[in-house]
Amino acid sequence: MKKLLMATVVTSCMAALSTTANADGTVTVYTAVPQNFIDSLVPMFEAQTGTTVEIIKAGSGDLLNRLTAEADNPVADVLWSVDGTVIDFNPALFEAYEAAGTDALADGMKPSELWSPFTAVVMAFIVNENKLDGLPIPKSWSELADPKYDDVVSSAKANASGSSYIQLATVLQAYDTEEAGWKVYKGLLSNFVLSDSSGAVPRFVNDGELAIGVTLEDAALRYVEGGGPVQIVYPSEGTAIVPDAMTLIAGAPNADNGKAFLDFMLTKEAQTVVAEQGRRPVRADVASNPALQAISELPSVGYDGAWAAENRKALVSAWEDLVLDIE
């Protein structure tokens, strides 16, 4: 199991401006969010509240294991930025709380009563054409499943990464039948070089270790904007456009501060930073990063989050069996 990385963010001395959080209090946040969101948003929250944020960062699978082990004596107050099925499939670990700002959400961004959305994530391919060695740039899931891409595709493990589980569920929903989806996904898995870390996927491609990665759109955009030799491709059969989740932990020791943290992340101010960092904001009154293709132009599978949540255990188990078969 990966080691959990803890980083306690320095407390701001500024007084609270407008929040229910207790000044000089603390809030413990478990998160799988990329570090750039922590660096840009956490100091803003601290400056407005005087509340210290203690971050424990790990993959969503590791965080869920930790929350399960701590269920009788919770340590965390908030789970921030994970696949919503992690929460919906484990409801006893969480407490429903409707964050302030919910009334400003765009259509389709509040699929669950148990959690609030943080961003809208989009699944995409990141491609380093220089490393394809003459292979064409894949334009679809089915094309990427072709054996000619064997061992040149980076992906995280669906039983460890929330975004990779979304990837699995997306492919299964992209075709007329689940059976057809599994056929394509088996070809994808045969081509994958699997990683424990979803953050490593676009880095491998940018650095030229692998030619293609299946990753989140914003992760790919960071390398594009950084001048890397990569491009973003959206699979033609459709991709997932789905909110990631944040929620209050059941029995949270600092519940009021946790609620204030969730409220802040849905403010127009915070969602504007979300857009600047390359994620799709969930508020209707905040525009996406202009470097991204308009969301109305993206091919979408019409991702069914409820189905993905209900079937998570069975699908992850099937994925694990498939990995063993392929190995």
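Residues numbered from 1 in each chain as written. Predicted model: local features only at pLDDT ≥ 70, side-chain atom pairs only at ≥ 80, totals over all residues. Heavy atoms only, no water.

A. Looking closely at the overall build of the protein. Looking only at helices and strands, one finds 12 helices and 11 strands in the protein. For 327 residues, the compact-globule estimate of 2.2 N^0.38 gives 20 Å, and the C-alpha radius of gyration of the protein, at 19 Å, lies within 12% of that figure. Overall, the protein is about 60 × 40 × 35 Å in size when its C-alpha atoms are taken along their principal axes. For the protein, contacts bridging at least 24 residues in sequence account for 79% of all contacts bridging at least 6. As displayed, the protein offers around 13,500 Å² of accessible surface, 50% of which is attributable to carbon and sulfur atoms. For the protein, the separation between the mean place of its 20 positive charges and that of its 44 negative charges on side chains is 4 Å. (Helix = DSSP H or I, 4+ residues; strand = E, 2+ residues; numbered from the N terminus. Rg over C-alpha atoms; globule rule 2.2 N^0.38 Å. Contact = heavy atoms within 4.5 Å. Areas by Shrake-Rupley, 256 points an atom, 1.4 Å probe, with all protein chains shown as cover. Lys, Arg positive; Asp, Glu negative; His and termini not counted. Charge placed at Lys NZ, Arg CZ, Asp CG, Glu CD.)

B. Structural detail: helix α10 (residues 268-276). Within α10, burial applies to A270, Q271, V273, V274 and A275. After α10 finishes, the residue G278 shows a positive phi value of roughly 100 degrees. (Buried < 20%, exposed > 50% of the residue type's maximum accessible area, 1.4 Å probe, protein only.)

C. View of unusual backbone geometry. Positive phi, close to 65 degrees, is recorded for S81, a residue that is not glycine. If you check the backbone angles, D151 has positive phi at about 65 degrees while not being a glycine. For D151, the location among the structural elements is in the loop between α4 (141-144) and β7 (153-156).

D. Spotlight on the side chain of S112. Relative to the helices and strands, S112 is located in the loop between β5 (94-95) and β6 (116-127). Engagement of the side chain of S112 in a polar contact is seen with the side chain of D88, the distance being 2.8 Å. Of the polar contacts made by the side chain of S112, one reaches the side chain of W115; its length is 3.2 Å. (Polar contact = N/O pair within 3.5 Å; in protein donor to acceptor, adjacent residues only side chain to side chain.)

E. Molecular detail of the packing of helix α6 (residues 178-191) against helix α12 (residues 312-326). One way to put it is that α6 packs onto α12 with a least axis distance of 11 Å and a crossing angle of 45 degrees. If you check the angle between α6 and α12, you find them oblique. Pair α6 / α12 crosses with right-handed handedness. Facing E178, W182, Y185, K186, L189 and S190 of α6, the residues of α12 in contact are L315, A318, W319, L322, V323 and I326. (Axes fitted to C-alpha atoms, helices over the stretch in contact; angles between N-to-C directions. Parallel < 35°, antiparallel > 145°, perpendicular 65-115°, else oblique. Left-handed = near helix turned anticlockwise from the far one by under 90°.)

F. Geometry of the environment of A160. The topology assignment puts A160 in the loop between β7 and α5 (162-173). Residue A160 is classed as partly exposed on the basis of its relative accessible area, which comes to 22%. For A160 and S198, which are 38 residues apart along the polypeptide, the C-alpha to C-alpha distance reads 8.9 Å. If we ignore the near neighbours within four places in the chain, the residues touching A160 are G59, S60, G61 and D196.

G. Spotlight on the nonpolar core. Ranked by internal contacts, the top residues of the largest apolar core, which has 49 residues, are L41, L79, W80, F118 and F261. Sorting elements by how many residues they give to this core places helix α1 (residues 35-49) first, with 6 residues. Discounting residues that sit within four places of it in the chain, F118 has contacts with V33, F37, L41, W80, S81, D244, M246, M265, Q271, V274, R279 and V282. Membership of the second largest hydrophobic core comes to 40 residues, among which are F125, L188, V233 and A240. (Core = buried A, V, L, I, M, F, W, Y, C linked by side-chain atoms within 4.5 Å.)

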